[in-house]
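Here is how the chains run, residue by residue.
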Amino acid sequence: MVFTFNLGFPRMGANRKLKRLVENFWSGKVDENTLITDAKKLREEHWLLQKNAGLDHIPSNDFSFYDQVVDHSYAFGVIPARYKNLNPGLETYFAMCRGLQKPGIDVAACKMKKWFNTNYHYIVPEFEPNQQFTLNSTKVIDEYKEAKALGIQTHPVILGPVSYLMLGKPTKDAPQGFKPIQLLDRLLSLYEELLSKLVSAGVTWIQIDEPCLVLDLPSTIKNEYVSAYNALTKVSPQLKILIATYFERIGTNLDFITDTPINAIHIDLIRAPDQLESILRRLPAKVSLSLGLVNGRNIWKTNLEVALAKAQKAIDVLGSECVFIAPSCSLLHSPHSIQSEKKIDNEILNWLSFAVEKIKKIVIISKALNNSVQSVQTELEANRKSIQSHRESARTQNPTVQQKMKALGPDMFRRKFPFHERQLSQRKKLSLPLFPTTTVGSLPQTKDIRTIRAKFKKGEINQTQYDNFIKREIEKCVHFQEEIGIDVLVHGEFERNDMVEFFGENLQGYVFSGNGWVQSYGSRCTKPPIIFGDISRPNPMTVEIIKYAQSLTDKPMKGMLTGPITMLQWSFVRDDQPRKDTAFQLALAIREEVHDLEAAGISVIQIDEPAICEGLPLRKEDWNVYLNWAVDAFLLSSTGVDCSTQIHTHMCYSDFNDIIEAIRCLDADVITIENSRSDLKLLNAFEEHEYTAEIGPGLYDIHSPRVPTKEELKVRLHAIFKYIPKNLIWANPDCGLKTREWPEVEAALKNMTDVAKEFRAIEANC
Ligand SMILES: CN1c2c(nc(N)[nH]c2=O)NC[C@@H]1CNc1ccc(C(=O)N[C@@H](CCC(=O)N[C@@H](CCC(=O)N[C@@H](CCC(=O)O)C(=O)O)C(=O)O)C(=O)O)cc1
Ligand SMILES: N[C@@H](CCS)C(=O)O
Ligand SMILES: [Zn+2]
């Protein structure tokens, strides 16, 4: 008999219940008791839902108020010294996530980083060389007991010790050469203590996530895996350990389990379908294999026939007792359910499945294997029909787009003039001062804006009323920017629900869910639009609004677009053609928009590519292929302009050292980058590689509500001088300001422009 296994459930819940709960707590609308009680109800709902669906192995500790990695740090007492004077409990926990500014206290948040190649962000643990670990919270045990009280035997999910240390970074003052992995032995004793406590509470299976097992690992780390799991498997003979890998192939990193008596390993057969056969050959006897057959990161229905064939292959080798059927990764990355979807037409809705439906698919696969194919004949037949309807639908094809793709020529992938000529021409046209100030695009998306948009979408106000409202917001923000002396203005992106979803809504080939939310960080979610067919741009998308914004000022107004790779990364993408082709179709649509903006007199156009690094394959040997087409897609979107039109790009969440050559190849005139949480290390890359275009390294963190002081902005800008010639430096925040409140933004940007002015004056006097 095969078993069904889930690696994690989307914690936000239907209609983003958790988001509302946590945000109400932050704003003081609900107290700690309500937060805790309502969160408990939500967990119960999710466990019961999975149990009622017939799932055998249900996860616990997949819930979090913010992020599972920061939970882990908090649970093991990995709390940086700057939080030590705060009240223990939620005050400290949330301060690590979001920073805290109140009378007498001003602490910044911990760094946030992308979770592998997903759009989820985790809070980076900070380790000091003499790091002490303590069991500081009983969350994992409590949540297990909570489920048990409902009659549900769950398997707790925890992050494994090796991945945990590898995902962290040394504290600022740690000596050079210190690597968090050196703390493994010390950390293991705490894991042992935790596992013992879990066994005492009744736990029989535990899922230990070791996602770093899919990375290129040096042999030293492989050895650490052996010692870690030799220690942990000794904790108790009653405890069965499943190690979960996902997002890529495990490759030779699997070797460590031949020396380690773990009970099961989970592999991702969606991102790395080819690994099944080699793993079946190499898996030691009695180790169970959890097959990630249902895509945890995309929304297309699983082809059950294909999944069944793969499962059967595993059963033939291992025997059914040693096979689990599972999603490819935690369903954290899937929206909740298609049940309440009203926005998507029935034909396309029939091609989709979200988390709740994915769990049902897992159960159907197991029934077909355990009982008989006949026992789920109706479900299999319905699945076959929907896969066929998707494959044969004419709606995915657009001959005009396919014609344009065939007509792509090499000139469409390069700027007509070299950078230094463009720079001269742009400087003449724009007459900007030294350290030009700008922002990355979005300004606060206030409750008012979201409410008015919701009313417009429900038909409670008409198009003219909505447009006039947005125009008034633009007017206010243009005046504010002029008042404080911003040099290159933005229109604030108030008309956009999201930088990807907005463009998706204006392109053909996309559909949108009404409620397909996926957690991005903390309480913030995105609703990735769905690319189901060839992409085209029926009409200009931003030209009228940018023209309007430009009409309000004599200063340059930036055109603001989202780049093709980010559109691709942050959408649910069709899986019936290579991602490269979809990226090029998106690029063509953006190229047309760039052309129209330029023709409308816009001289500065920003094409955001914050997700370019996120798209990097996890194995280095796969990088070049991706980077070649990713850079080409950006070039295709941006190179159709004249010499004097300044192309900006913006990136955040990126380790620029890794891809500096590719960034150079993008050939943008100005790049604004997230940098403030990175101790300026990022800038090394630009210095070392003699990057010659203009750069705006973010001067302050925008994820936290705290307002940077002028003093700290000065220190930061001054530090940047060490890396980048002064005449190439722009002053801007790390990223867009949509999540912030106006009072914070006003104060922060005023400080930023004042500092730029002061530095200009100093330079003028030199
Ligand atoms: C830059 N980032 C982005 C990423 N991915 C994207 N797709 N987009 C990004 O901008 N990845 C990396 C980072 C992650 N950062 C963020 C930052 C901010 C958010 C965010 O604020 N998300 C919002 C939801 C945004 C949205 O679409 N809002 C809709 C409103 C939907 C809604 O809530 N409607 C309400 C009614 C309105 C009301 O009264 O409040 C309802 O339906 O009940 C809109 O503006 O129209 C969030 O709130 O989480 C995400 C990622
Ligand atoms: N222009 C976007 C970029 C975010 S990465 C913004 O400002 O929100
Ligand atoms: Zn950004």
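Residues numbered from 1 in each chain as written. Chains lettered and ligands numbered in written order. Predicted model: local features only at pLDDT ≥ 70, side-chain atom pairs only at ≥ 80, totals over all residues. Heavy atoms only, no water.

## Structural notes on the site of ligand 1
No. 1: In the region of ligand 1, 27 residues are neighbours, and Lys 19, Arg 450, Arg 453, Asp 498 and Lys 738 sit closest.
No. 2: A distance of 2.6 Å is found between a nitrogen atom of ligand 1 and a side-chain nitrogen or oxygen belonging to Asp 498.
No. 3: Note that an oxygen atom of ligand 1 is positioned 2.8 Å from one of the backbone N or O atoms of Cys 525.
No. 4: For ligand 1, whose accessible area on its own is 1,000 Å², the fraction buried by protein is 85%.
No. 5: Of all the secondary-structure elements, those providing two or more residues to the shell around ligand 1 are α1 (17-26), α16 (447-457), β16 (518-521) and β17 (524-526). (Near = heavy atom within 4 Å. Polar contact = N/O pair within 3.5 Å; in protein donor to acceptor, adjacent residues only side chain to side chain. Areas by Shrake-Rupley, 256 points an atom, 1.4 Å probe, with all protein chains shown as cover. Helix = DSSP H or I, 4+ residues; strand = E, 2+ residues; numbered from the N terminus.)

## Some remarks on the sheet that holds strand β22 (residues 670-673)
No. 1: If you trace the five strands from one edge of the open sheet to the other, you get β19-β20-β21-β22-β23, paired in parallel fashion. Unpaired on one side and paired on the other, β19 (558-562) and β23 (694-697) mark the two borders of the sheet. Each strand of the sheet is rotated relative to its neighbour by a mean of 20°, with strand direction disregarded.
No. 2: Here five bridges tie strand β20 (residues 604-608) to strand β21 (residues 646-651), and the two strands are oriented parallel to one another. Looking at the pairing, Ile 607 lines up with Thr 649 of β21.
No. 3: Packed on one face of the sheet, helix α21 (residues 579-599) meets β19 and β20 and runs near 175° to β19. (Pairing = 2+ DSSP bridges. Axes fitted to C-alpha atoms, helices over the stretch in contact; angles between N-to-C directions. Contact = heavy atoms within 4.5 Å.)

## Here we look at the domain arrangement of the chain
No. 1: By the assigned domains, the chain splits into domain 1 (3-75 + 111-393) and domain 2 (418-764).
No. 2: In this structure, domain 1 and domain 2 have C-alpha centres spaced 33 Å apart.
No. 3: Of the residues lining the interface, 46 residues belong to domain 1; the matching set on domain 2 comes to 36 residues.
No. 4: For the pair domain 1 and domain 2, the summed buried area comes to about 3,800 Å², and 54% of that belongs to carbon and sulfur atoms.
No. 5: Summed over the three residues of domain 1 that lose the most area to domain 2, namely Met 112, Asn 119 and Trp 300, the buried surface amounts to 15% of that side.
No. 6: Counting the contacts that link domain 1 with domain 2 gives four salt bridges.
No. 7: Glu 621 serves as the salt-bridge partner of Arg 249, at 3.3 Å between the closest nitrogen and oxygen.
No. 8: Inspection of the domain 1/domain 2 interface yields 21 residue pairs in polar contact (both at pLDDT 80 or more).
No. 9: With three residues, the top contributor of residues to the side of domain 1 that touches domain 2 is α1.
No. 10: Its residues assigned to classes, the side of domain 1 that touches domain 2 comprises 20 nonpolar, 12 polar and 14 charged. (Domains from an automatic or database assignment. Buried area = accessible area lost by both parts, 1.4 Å probe. Salt bridge = Lys/Arg side-chain N within 4 Å of Asp/Glu carboxyl O. Nonpolar A, V, L, I, M, F, W, Y, C, P; charged D, E, K, R; others polar.)

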